[in-house]
Amino acid sequence: MHRLKATVATSAIAAALLCAAGSMPALAQSLNEAIGSRLQANQNGDRLLVDAKEIIYDNDRNTISAAGDVQMNYQGRTLQADRVTYDRNTGRVYAEGNARLTDASGAVVTGDRFELTDDFKNGFIDSLRVVQTTVENGRTVTTRFSSPRAERAAGETTTFERGTYTACEPCKDNPERPPLWQVKAARIIHNNSEQTIYYEDATLEILGLPVAYLPYFWTPDPTVKRKTGFLAPRYVTSNTLGFGVSIPFFWAIAPNYDLTIAPTFLTRQGVLGEAEWRHRLETGAYNIRVAGISQQDPDAFLPSPRGPGDRDFRGSIETAGQFYLNERWKWGWDITLVSDKWFLENYNIRSESISSLYLKESISTLYLQGQGDRSFFDLRGYYFQGLSTRDWQKQQPVVHPVLDYDKRVTPSALGGEFGINVNLTSLSREAAQFEPLTAANKTTYSIYQTCVIFDPESCLVRGASGTMSRASITASWRREFIDPVGQVWTPFAYVRADNFWVSPDLDGYQNANLGNYLGGDDDYLFRATPAAGLEYRYPFVADLGTSGRQVIEPIAQIIARPNETRIGHLPNEDAQSLVFDDTSLFDWDKFSGYDRVEGGVRANLGVQYTVTGANDFYANALFGQSYQVAGRNSFRQGDLANVGLDSGLDTRASDYVGRVQVSPNRNFAFMTRARFDQEDFNVNRIEASVRANFNPYLPLSTSLTYARYEAQPDIGFTRRREGLLGAATWNLTPNWYVTGSVLLDLDRYLLARETYELALATDPETAVYNRLDRAYVSSMSLGVGYIDECTTLSVKYIMTPRSISTSSGEKDRNHTVMLSLELRTLGEATISQRIAGDSSEEGIAD
């Protein structure tokens with residue numbers, strides 16, 4: 001035997017030792033030729049680098065070894081071991097002592113001993129450990145295989161005998177402790193070409209305890225983003241649907257399109273079929289979702305119009321897409337069609353078109369949108385479908401279309417900013433929507449709320465039947481000047497032109513009563529509103545050095561324009577939401593939409609105080625009032641929906657508005673805004689919220705929101721509205737947390753009292769007073785969860801309101817328990833169980 005010390009040696013033999021994830025070139029040269037040079041290219045031009053303390057030749061045993069901190073680099077792979085030996089007699093290669101292989105993807109394979117054949121496609125590894133890191137949905141996931149002995153075959157398949165798989169990190173203090181979960185199998189087979197992992201005779205263990213057994217299953221390996229196969233099942237239990245299970249199948253047809261089919265087998269209603277097609281193209285993507293069922297027991301649901309009990313087939317179709325025409329323009333759609341308003345909820349169909357939890361409404365739209373440096377264009381149509389029992393589809397408008405365009409430029413002659421704003425709206429509805437102002441004037445048309453007497457004094461028009469179109473264009477200019485003493489002067493002017501085409505429909509349903517508000521003939525109306533104004537600000541700044549600074553800023557604004565015309569003679573579709581508070585005090589036009597326009601001469605006055613300090617301290621306060629100086633007050637004269645009345649702007653001197661915002665640091669914030677009566681300073685409207693994050697002192701974050709609005713009988717709110725919403729999350733440990741929220745209805749007892757008084761006046765013998773607490777729990781959620789690098793678990797109890805009962809004024813409530821478990825890289829499952837609740841108001845009969 002003779003020894004030759006070297007720092008670098010190259011050989012095709014050593015290249016074989018790197019082959020744990022791919023084949024290497026076979027030994028083609030003699031031993032002397034293999035050691036003859038520092039670098040040698042293989043047939044593909046790749047080179048092998050070997051770094052070792054010594055090279056050992058054993059001529060008696062016909063072996064060659066590299067020993068002492070051996071490191072070999074080839075094709076992005078790195079092999080490290082204490083000793084690497086090639087036996088020319090058997091054609092086998094051995095790596096021993098802290099053997100470690102890192103491949104080009106970052107996967108790390110370790111073992112006590114590697115044994116490979118000379119073609120390097122087959123072999124065995126003792127005490128194998130594989131660590132692989134991938135990125136999944138933006139999160140880094142590390143997976144781990146281990147086995148006392150593994151076999152590699154044909155360069156493609158690795159078989160782990162008595163293997164273990166997990167995505168959990170070992171315990172730092174006790175690495176021998178079982179992970180949170182792991183899969184143990186008699187054999188785990190990883191097929192690289194199929195990118196699939198097969199498990200035979202497998203057991204799922206939680207904290208070392210077996211909880212589930214499967215004789216055979218398979219999953220994609222962690223590097224796969226999409227792969228054909230079955231997804232995690234979903235379980236269903238319901239009085240109306242029976243017991244059921246959904247077994248989704250995902251078909252990855254091509255890299256840019258796929259299909260998911262999910263039949264749900266229900267013991268009471270039959271088979272619910274669902275399918276989703278997704279397709280990504282060069283300029284965008286779209287998807288189509290369909291669902292349908294031929295019900296075996298329609299009688300489980302209420303008959304029409306309170307439910308879908310008269311339907312055998314029920315279903316839905318949804319599609320959404322977005323495509324880019326170029327870097328500035330895009331178009332798309334989001335469309336939903338359902339057989340009935342209850343289908344999505346009854347069968348728990350996921351829909352992205354539903355607008356909110358409480359105001360359930362499906363919104364379909366088709367749009368074209370463009371964005372410039374200082375311009376914006378949006379053209380879209382809308383179709384609204386109400387999803388609550390008391391929503392009458394014939395009262396929902398179809399918008400065809402609405403167009404918005406806004407352009408800003410800087411004129412060279414005048415300076416400042418010149419703007420053009422265009423809005424075009426056209427809509428139609430079949431049936432007029434009326435709303436009574438008092439309980440005494442309330443009745444029903446079929447099951448839908450309407451008025452007894454159709455008179456502007458006691459009944460509002462929320463939506464007119466027929467077709468209404470409007471084209472509005474506004475040209476505006478403003479420029480800011482700062483004089484030598486720091487006063488800020490901003491003159492501005494605008495002119496607005498509105499064109500109305502009104503074609504009311506007085507036939508059918510209760511549409512004839514619309515004649516009490518509008519003329520029955522088609523009409524064209526024009527409205528023009530020029531305006532000029534000036535805004536003045538004088539900020540007084542006190543620099544506090546390193547402590548921050550204070551700014552006191554008086555603000556005054558005056559706007560002159562002619563009186564608003566056509567009040568009450570035009571439908572109001574988009575300007576029914578009027579809220580006068582600190583955010584709208586200095587708006588040029590305080591109406592929320594284009595159907596109304598503010599007129600007359602108005603002055604707005606206020607003062608603002610701002611403090612900024614060290615450690616992100618911030619405080620701001622504003623207080624002000626608005627005055628109708630001359631002309632007709634647009635807010636004093638109600639339109640078809642009485643917008644403007646009870647707003648705080650309907651008197652010559654408006655209510656006072658103000659806000660206070662304090663943020664001592666990034667973890668705490670408090671804000672309140674309020675409107676105070678201009679005569680006695682009573683609070684007519686108040687909203688207050690506080691947000692607190694107590695980290696790092698206490699792992700608790702919380703928020704609290706309170707709102708109170710006094711009665712506004714002229715617009716249909718006959719009693720005070722008041723509520724309190726609280727939410728909190730407490731991180732018990734770095735992994736465990738509890739969370740909860742509660743919504744308190746603080747005026748529900750007023751509704752119960754009002755309902756009783758109405759029943760007492762109608763039928764004293766049957767009237768029953770359902771007494772309610774002043775703090776009525778309207779909705780609530782409580783949850784506990786666990787999250788770490790490999791597991792996400794959550795259990796949540798949810799209580800939500802359903803609909804208002806006409807007999808008691810109370811809301812039926814659902815009580816639901818949801819369990820969600822995700823074992824990262826294996827799959828996830830969600831179970832939802834309704835444990836209580838009266839569902840009769842949403843189309844269910846029992």
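Scoring rules and cut-offs
- Residues numbered from 1 in each chain as written.
- Predicted model: local features only at pLDDT ≥ 70, side-chain atom pairs only at ≥ 80, totals over all residues.
- Heavy atoms only, no water.
- Helix = DSSP H or I, 4+ residues; strand = E, 2+ residues; numbered from the N terminus.
- Buried < 20%, exposed > 50% of the residue type's maximum accessible area, 1.4 Å probe, protein only.
- Contact = heavy atoms within 4.5 Å.
- Areas by Shrake-Rupley, 256 points an atom, 1.4 Å probe, with all protein chains shown as cover.
- Lys, Arg positive; Asp, Glu negative; His and termini not counted.
- Salt bridge = Lys/Arg side-chain N within 4 Å of Asp/Glu carboxyl O.
- Polar contact = N/O pair within 3.5 Å; in protein donor to acceptor, adjacent residues only side chain to side chain.
- Core = buried A, V, L, I, M, F, W, Y, C linked by side-chain atoms within 4.5 Å.
- Disulfide = S-S within 2.5 Å.
- Phe/Tyr/Trp six-rings, centres within 6.5 Å; stacked < 30°, edge-to-face > 60°.
- Lys NZ or Arg CZ within 6 Å of the ring centre and 35° of its normal.
- Pairing = 2+ DSSP bridges.
- Patch = residues over 30% accessible without salt bridge, like charges linked within 9 Å, V, L, I, M, F, W, Y side chains within 5 Å.

Chemist: Which residues make up the overall build of the chain, and what values do they have?
Modeler: Scanning the chain from N- to C-terminus turns up 4 helices and 50 strands. Relative to its full complement of 846 residues, the chain shows a buried share of 45%. In the chain, the proportion of contacts linking residues at least 24 apart, taken out of those at least 6 apart, comes to 54%. Just so you have it, the chain exposes about 41800 Å², and 55% of that area is on carbon and sulfur atoms.

Chemist: How would you summarise the side chain of Asp-747 if you had to cite specific residues and measurements?
Modeler: Along the chain, Asp-747 falls in the loop between β46 (736-745) and α4 (748-762). Buried and unpaired, Asp-747 has no salt bridge, with Arg-719 as the nearest side chain of opposite charge at 4.3 Å. Looking at Asp-747, its side chain comes within polar contact range of the main-chain nitrogen of Glu-722, at 2.6 Å. Setting aside anything within four residues of it in sequence, one finds Asp-747 in contact with Arg-719, Arg-720, Arg-721, Glu-722 and Arg-774.

Chemist: Report on the nonpolar core, specifying residues and quantitative values.
Modeler: Ranked by internal contacts, the top residues of the largest apolar core, which has 38 residues, are Phe-114, Trp-181, Ile-188 and Tyr-199. Ignoring anything within four residues of it in the chain, the contact list for Phe-114 reads Leu-79, Val-93, Tyr-94, Ala-95, Ala-99, Leu-101, Val-109, Phe-124 and Ile-125. Judged by nonpolar contacts, the second largest core, of 14 residues, contains Leu-266, Leu-272, Ala-291 and Val-338.

Chemist: Before we move on, could you go through the environment of Phe-681 and cite the residues and values that matter?
Modeler: When you line up the elements, Phe-681 lands in the loop between β42 (668-676) and β43 (683-693). For Phe-681, a relative accessible area of 43% gives the class partly exposed. A sequence separation of 25 residues divides Phe-681 from Tyr-656, and the C-alpha atoms of the two residues are 8.0 Å apart. Setting aside its immediate chain neighbours within four residues, Phe-681 contacts Phe-623, Tyr-656 and Phe-676.

Chemist: Please give an account of the state of the cysteines that cites residues and values.
Modeler: Following the criterion strictly, the structure yields 2 disulfides and no others. Cys-451 shares a disulfide with Cys-459; S-S distance 2.1 Å. Residues Cys-451 and Cys-459 share a disulfide whose torsion about the S-S bond is about 85 degrees; that sign makes it right-handed. Residues Cys-451 and Cys-459 agree in their burial class; the two are buried.

Chemist: Residue-level account of the environment of Tyr-198, with values.
Modeler: Summarising the element assignment, Tyr-198 is placed in strand β12 (residues 196-206). Classification of Tyr-198 as buried rests on a relative accessible area of 19%. C-alpha separation for the pair Tyr-198 and Ala-185, spaced 13 residues apart in sequence, amounts to 9.6 Å. What Tyr-198 contacts, discounting residues up to four positions off in sequence, is Arg-187, Ile-188, Ile-189, Asn-191, Tyr-216, Phe-217 and Trp-218. Among the polar contacts listed, one links the side chain of Tyr-198 to the side chain of Glu-194, at a separation of 2.3 Å.

Chemist: Explain the packing of aromatic side chains residue by residue, including any values.
Modeler: For the coordinates displayed, the defined rule picks out 35 aromatic pairs. Both rings, one in Phe-323 and one in Trp-331, keep their centres 5.7 Å apart while their planes meet at 25 degrees; by these two values the pair is stacked. Relative accessible area serves as the criterion here: at 8%, Phe-323 is assigned to the buried category. Taking relative accessible area as the criterion, Trp-331 reaches 33% and is therefore assigned partly exposed. Ring geometry for Phe-668 and Phe-694: centres 5.4 Å apart, planes at 80 degrees, overall edge-to-face. In this pair, Phe-668 sits in strand β42 while Phe-694 sits in the loop between β43 and β44 (700-709), placing the two residues 26 residues apart along the sequence. Taking the relative accessible area as the measure of exposure, Phe-668 reaches 28% and is therefore partly exposed. Within the aromatic cluster, the residues linked to one another by ring pairs are Phe-145, Phe-160, Tyr-165, Trp-181, Tyr-199 and Phe-217. Seen from the ring of Phe-301, Arg-314 lies directly overhead, with NZ or CZ sitting 4.8 Å from the centre. Across the ring face of Tyr-709, the terminal group of Arg-685 is positioned such that the distance to the ring centre comes to 4.0 Å.

Chemist: Requested: an account of the pairing of strand β18 (residues 257-261), with residues and values cited.
Modeler: Two strands pair when backbone bridges link them, and strand β17 (residues 249-254) and β18 are joined in this way by 4 bridges, in the antiparallel orientation. In the strand pairing of β18, Phe-249 is matched with Ile-261. In this antiparallel pair of consecutive strands, β17 and β18, the connection spans 2 residues. Note that β18 and strand β20 (residues 270-280) share 5 bridges and pair antiparallel. The residue of β20 that forms the bridge with Tyr-257 is His-279.

Chemist: So, the pattern of salt bridges: which residues are in play, and what are the values?
Modeler: Side-chain pairs of opposite charge can arise whenever the charged atoms involved come near each other. Using the criterion set out here, one finds 45 salt bridges in the structure. A salt bridge links Glu-417 to Arg-478; the nearest nitrogen and oxygen atoms lie 3.4 Å apart. Residue Glu-417 is found in strand β27 (residues 417-429), and its partner Arg-478 is found in strand β32 (residues 466-478); the two are separated by 61 residues along the sequence. Here Glu-598 and Arg-561 are joined by a salt bridge, their closest N and O atoms 2.9 Å apart. Note that Glu-598 is positioned in the loop between β37 (548-560) and β38 (601-613) and Arg-561 in the loop between β37 and β38, a separation of 37 residues in sequence. Relative accessible area serves as the criterion here: at 7%, Arg-561 is assigned to the buried category. Salt bridges sharing partners connect three or more residues here, namely Arg-496, Asp-498, Arg-527, Glu-564, Asp-589, Arg-596 and Asp-639.

Chemist: Tell me what's going on with the pairing of strand β5 (residues 77-87), and back it up with residues and numbers.
Modeler: Along a regular strand, successive side chains alternate from one face of the sheet to the other. Of all 11 residues in β5, 8 are buried, a share of seventy percent or more. Inspection of the sheet shows strand β4 (residues 63-74) paired to β5 by 10 bridges, in the antiparallel sense. Each bridged residue has a counterpart across the sheet, and for Ile-64 the counterpart in β5 is Tyr-86. One ladder, built from 8 bridges, connects β5 with strand β6 (residues 92-102); its direction is antiparallel.

Chemist: Can you lay out a nonpolar patch on the surface for me, pointing to particular residues and giving the numbers?
Modeler: A grouping of Tyr-235, Tyr-697, Leu-698, Trp-730, Leu-732, Trp-736, Val-784, Val-795, Leu-819 and Ile-831 is seen on the molecular surface, where their side chains present a nonpolar patch of about 970 Å² in accessible area. Relative to the assigned elements, Leu-819 resides in strand β49 (residues 811-823).

Chemist: Could you give an account of unusual backbone geometry, with specific residues and numbers?
Modeler: Cis geometry marks the peptide bond from His-400 to Pro-401, where omega comes out at -5 degrees. Structurally, the position occupied by Pro-401 is in strand β26 (residues 398-409). Backbone torsion omega between Asn-695 and Pro-696 reads 5 degrees, so that peptide bond is classified as cis. With respect to the helices and strands, Pro-696 occurs in the loop between β43 and β44.

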